[in-house]
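Listed here are the chains, written in short residue letters.
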There are 2 protein chains.
Amino acid sequence: MTALRVALAGLGTVGGGVIRVLDANRELIARRAGRPIEIVAVSARDRSKDRGVDLSRFAWEDDTQALARSEADVVIELVGGADGPALALARATLAAGKGLVTANKAMLAHHGLELADAAERAGAALKFEAAVAGGIPVIKGLREGAAANEIARVYGILNGTCNFILSKMEAEGRDFAEVLAEAQTLGYAEADPSFDIDGVDAAHKLSILASLAFGTRPAFGAVAISGIRAVLAADVAEARALGYRIRLLGVAEAGADGLFQRVHAHLVPENHPLAHVTGATNAVVAEGNFVGRLLFQGAGAGEGPTASAVVADLIDIARGEFGPPYAMPSHALAAMEAADGGKRRGRAYLRFTVADRVGVLAEIAAAMRDAGVSIEGLIQRGANPDGSVLVAIVTHEVAESSVAAALERLRGSQSLIGQPMWMHILG
Amino acid sequence: MTALRVALAGLGTVGGGVIRVLDANRELIARRAGRPIEIVAVSARDRSKDRGVDLSRFAWEDDTQALARSEADVVIELVGGADGPALALARATLAAGKGLVTANKAMLAHHGLELADAAERAGAALKFEAAVAGGIPVIKGLREGAAANEIARVYGILNGTCNFILSKMEAEGRDFAEVLAEAQTLGYAEADPSFDIDGVDAAHKLSILASLAFGTRPAFGAVAISGIRAVLAADVAEARALGYRIRLLGVAEAGADGLFQRVHAHLVPENHPLAHVTGATNAVVAEGNFVGRLLFQGAGAGEGPTASAVVADLIDIARGEFGPPYAMPSHALAAMEAADGGKRRGRAYLRFTVADRVGVLAEIAAAMRDAGVSIEGLIQRGANPDGSVLVAIVTHEVAESSVAAALERLRGSQSLIGQPMWMHILG
């Protein structure tokens with residue numbers, strides 16, 4: 001049978017990995033795909049760079065955009081960036097009726113609907129398993145595996161860098177800044193880590209998962225985002241003492257109130273599977289109205305896992321097994337209103353660093369009481385070297401607007417040192 | 001677009017669940033499938049039984065086999081049994097060029113290759129997501145999600161009844177027989193539980209997973225099977241003291257030695273995700289040469305989860321997204337020799353119940369030494385009420401044939417009370 005001809009744009013870690021996967025598992029992949037998968041052309045910024053693979057077999061294009069006009073049936077976009085050359089290539093590829101495989105979560109978060117529409121008009125494939133949770137087939141799991149279900153909630157550990165840092169802080173009792181520096185040395189965090197540690201990367205992925213899970217239009221702009229910079233070693237220790245682990249979670253829910261999407265550090269109960277996900281591993285949970293709770297776990301990044309997902313998409317395309325990118329035609333995706341986060345109810349973890357003097361605890365407790373926030377547990381820990389005291393509170397279930405009101409009452413208080421920390425408790 | 005017409009054979013728990021899923025999520029499923037999915041005919045043994053769903057909408061067939069000659073595009077086989085009416089219906093359905101969706105692991109374990117061949121000849125779908133691990137999309141995960149990988153090992157918790165019993169023994173320190181009786185009362189175990197607790201059900205599922213993972217012919221007959229009847233509360237406690245949990249695992253490996261498949265109670269290290277899978281939950285791990293370790297976890301049985309998997313298969317068929325049942329044409333599946341289990345190396349847990357008298361420990365230790373089995377750890381616990389003593393041993397890595405030789409040396413020893421227990425330690 002005729003080979004599926006592939007053009008590869010971008011020869012970084014993942015691009016090199018794709019070539020290595022197709023080389024190493026060539027025969028097996030052909031058996032599974034029903035036909036060979038052949039790279040015919042490649043493009044990257046620097047032709048001379050040694051990538052550890054023989055590129056002389058492939059046509060080289062200095063102009064990445066030329067791949068959309070090549071003889072390839074499918075273009076793999078690994079250029080990166082939400083706009084610019086990646087988006088131009090994606091548009092041109094689909095307009096030419098070729099399939100597009102991409103790992104570009106930023107582009108999908110911002111332009112996924114437009115690209116899906118273009119793919120559907122052209123009858124072409126648009127596949128992006130590698131864009132979320134690396135090698136874990138969670139796009140397929142939601143799009144197809146759980147397709148019989150109305151999904152009420154999808155959530156998970158979507159950023160390996162953050163999970164690496166948080167679980168290292170947990171294992172070693174160390175502070176964020178110190179562990180981040182080590183993660184950068186080890187290559188688990190970028191030189192400019194803000195996309196990861198401030199939650200933007202996880203939010204890109206969450207918006208893709210939400211769209212697939214709920215049948216709604218991707219709504220990246222509506223994701224409430226915060227990261228893990230403010231998590232202290234003391235928070236990790238207090239959470240642990242209370243029976244929780246801290247994880248940066250992306251959480252999306254669809255309900256009568258609308259679409260709720262948030263990336264935030266959460267306290268995860270120790271008996272929840274996500275509490276046991278350590279290191280750079282990713283894990284996604286989907287809750288369906290018939291299937292119950294499904295968990296998908298594996299490597300969320302890295303050359304091999306991400307390339308594995310890219311090639312899985314190629315195999316689906318080679319088999320002709322692809323349909324609308326978001327499981328249903330893009331025009332059928334619902335435009336759901338963003339939910340009002342303040343109305344959400346849940347339990348909260350609050351941590352205050354306070355001056356060690358009379359009346360501070362009473363002031364905090366009064367603010368809670370006046371805002372209608374009921375305290376389930378409170379730990380006050382002896383003086384830090386600088387004389388400050390740490391107060392950690394777990395609330396009973398309460399509307400988030402009430403917690404916000406309590407914190408508002410304390411704003412500007414002379415007793416507080418720095419910003420209070422508010423984390424949600426996964427329920 | 002025209003509806004996908006479905007005939008449903010078998011109206012037990014899962015059959016009723018399929019009707020309920022299609023009723024409850026009708027519109028969403030039609031959007032995802034690209035067209036409505038309509039049940040047109042049903043058949044079961046007893047027409048008068050109340051199943052809590054309105055059957056008057058569907059044509060009724062007293063003769064289940066008649067569904068293969070109905071106007072349906074797809075027949076769902078939920079009759080059960082490896083042979084007999086289920087197999088006859090499956091053969092007739094595929095021969096008629098209709099798609100077949102089945103949850104029947106026993107039939108697939110015994111006749112999967114024949115049925116796949118028939119499906120391929122007819123160009124018809126044969127799908128069986130519900131046959132393994134209930135609602136967890138692990139068939140799809142292996143067939144498609146991990147398709148780019150050479151998979152070296154697939155293993156997991158494949159029987160919810162056994163996991164329910166073992167984790168209850170663990171949580172409550174109770175003995176097998178007592179917990180089994182309670183599981184039967186609660187409906188987690190059948191009146192005749194042997195298919196579950198002796199490992200046969202898990203072996204059916206394992207043989208299906210192995211075929212998909214490795215691209216080999218299903219080889220149920222080559223699965224080494226044992227169950228959990230011999231696991232004592234004391235084993236659970238000793239394992240725990242040593243840092244392990246006991247789980248019934250199906251384990252399949254493909255390598256230079258051939259195809260190895262075994263269902264056996266294992267000691268799972270506490271830092272492994274499977275150690276945290278409790279209750280009736282199932283979980284499957286696949287290890288690919290690029291993706292690394294993938295974990296799929298969820299409800300392994302029950303009306304909703306199993307029906308969810310059946311309907312996911314229907315949605316794939318409605319979309320036209322199906323190919324060869326075992327990912328590659330059945331004639332391309334390799335006929336791999338069964339591996340010699342004795343050559344496998346690993347660490348073992350051995351437990352002896354012995355008489356409390358001088359020299360017993362020396363006798364056991366000598367048998368180990370003479371067979372070349374090196375002891376990593378040993379616990380001897382004080383007298384049971386009957387005066388017997390428990391000796392639990394963890395070995396260093398050793399060939400399984402050596403462990404067998406050590407036990408052979410002890411066979412018939414007057415010091416031993418009952419059979420020694422041998423469990424493998426998951427490595």
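This structure is a prediction, so every number in the text was calculated from the model and none was measured.

Glancing now at the overall build of chain A. Tallying secondary structure elements over chain A gives 13 helices and 17 strands in all. Since a compact globule built from 427 residues should have a radius of gyration of about 22 Å, the 24 Å found for chain A is in line with a globular shape. Projecting the C-alpha coordinates of chain A onto the three principal axes gives extents of approximately 80 × 45 × 35 Å. Pairs at least 24 apart in sequence give 75% of the contacts found in chain A among residues at least 6 apart.

Residue and element names in this part refer to chain B. Here Gly 134 is to be found in the loop between strand S6 (126-127) and helix H5 (138-145). Taking C-alpha positions, Gly 134 is 21 Å from Val 223, a pair spaced 89 residues apart along the chain. If sequence neighbours within four positions are ignored, Gly 134 has contacts with Asn 282, Ala 299, Gly 300, Ala 301, Gly 302, Pro 305, Thr 306 and Ala 309.

The next thing to look at is the packing of helix H1 (residues 13-24) of chain B against helix H11 (residues 303-319) of chain B. Residue and element names in this part refer to chain B. Following both chains from N to C, one finds H1 and H11 inclined at 65°, their axes separated by 8 Å at the closest point. One element, H1, and the other, H11, form an angle in the roughly perpendicular class. The handedness of the crossing between H1 and H11 comes out as right-handed. Residues Thr 13, Val 14, Gly 16, Gly 17, Val 18, Arg 20, Val 21 and Leu 22 of H1 form the contact with H11, whose own contacting residues are Glu 303, Gly 304, Thr 306, Ala 307, Ser 308, Val 310 and Val 311. Of the residues in the contact of H1 with H11, the class split is 7 nonpolar, 6 polar and 2 charged.

With 49 residues of chain A at the interface, the matching set in chain B holds 49 residues. Elements with a minimum of two residues in the side of chain A that touches chain B: helix H1 (13-24), helix H2 (26-33), helix H5 (138-145), strand S12 (292-299) and helix H11 (303-319) of chain A. Here the side of chain A that touches chain B gets 9 residues from one element, more than from any other, and that element is H11 of chain A. Partitioned by chemical class, the residues of the side of chain A that touches chain B number 24 nonpolar, 16 polar and 9 charged.

All names here are of chain B. Strand order in the open sheet made by the 6 strands is S3-S2-S1-S4-S5-S6, with parallel pairing throughout. Two strands bound the open sheet, and with one partner strand each, they are strand S3 (59-60) and S6. Pairing between strand S1 (residues 4-9) and strand S4 (residues 74-77): 4 bridges, direction parallel. Residue pairing for S4: Ala 7 is matched across the bridge by Val 75.

Phi at Ala 133 of chain A is positive, roughly 60°, even though this residue is not glycine. With respect to the helices and strands, the residue Ala 133 of chain A is situated in the loop between strand S6 (126-127) and H5.

This part covers the relation of the copies chain A and chain B. Two chain copies here: they are related by a rotation about an axis and a translation along the same axis. Once chain A is rotated about the relating axis by 180° and shifted along it by 0.0 Å, it coincides with chain B to within an RMSD of 0.1 Å. On this basis, the relationship between the two copies can be described by a two-fold rotation axis.

Residues and elements named next belong to chain A. Spatially, 6 strands are ordered S3-S2-S1-S4-S5-S6 in an open sheet, and the strand pairing comes out parallel. Only two strands of the sheet have a single neighbouring strand rather than two, namely strand S3 (59-60) and S6. Here 2 bridges tie strand S5 (residues 99-102) to S6, and the two strands are oriented parallel to one another. Bridge pairing in S6 links Val 101 to Lys 127. On top of the sheet, H1 reaches strand S1 (4-9), strand S2 (37-43) and strand S4 (74-77); it is set at about 155° to S2, its chief contact.

Rules behind the numbers
- Residues numbered from 1 in each chain as written.
- Chains lettered and ligands numbered in written order.
- Predicted model: local features only at pLDDT ≥ 70, side-chain atom pairs only at ≥ 80, totals over all residues.
- Helix = DSSP H or I, 4+ residues; strand = E, 2+ residues; numbered from the N terminus.
- Rg over C-alpha atoms; globule rule 2.2 N^0.38 Å.
- Contact = placed C-beta atoms within 7 Å.
- Axes fitted to C-alpha atoms, helices over the stretch in contact; angles between N-to-C directions.
- Parallel < 35°, antiparallel > 145°, perpendicular 65-115°, else oblique.
- Left-handed = near helix turned anticlockwise from the far one by under 90°.
- Nonpolar A, V, L, I, M, F, W, Y, C, P; charged D, E, K, R; others polar.
- Pairing = 2+ DSSP bridges.
- Least-squares fit on C-alpha atoms with pLDDT ≥ 70 in both.

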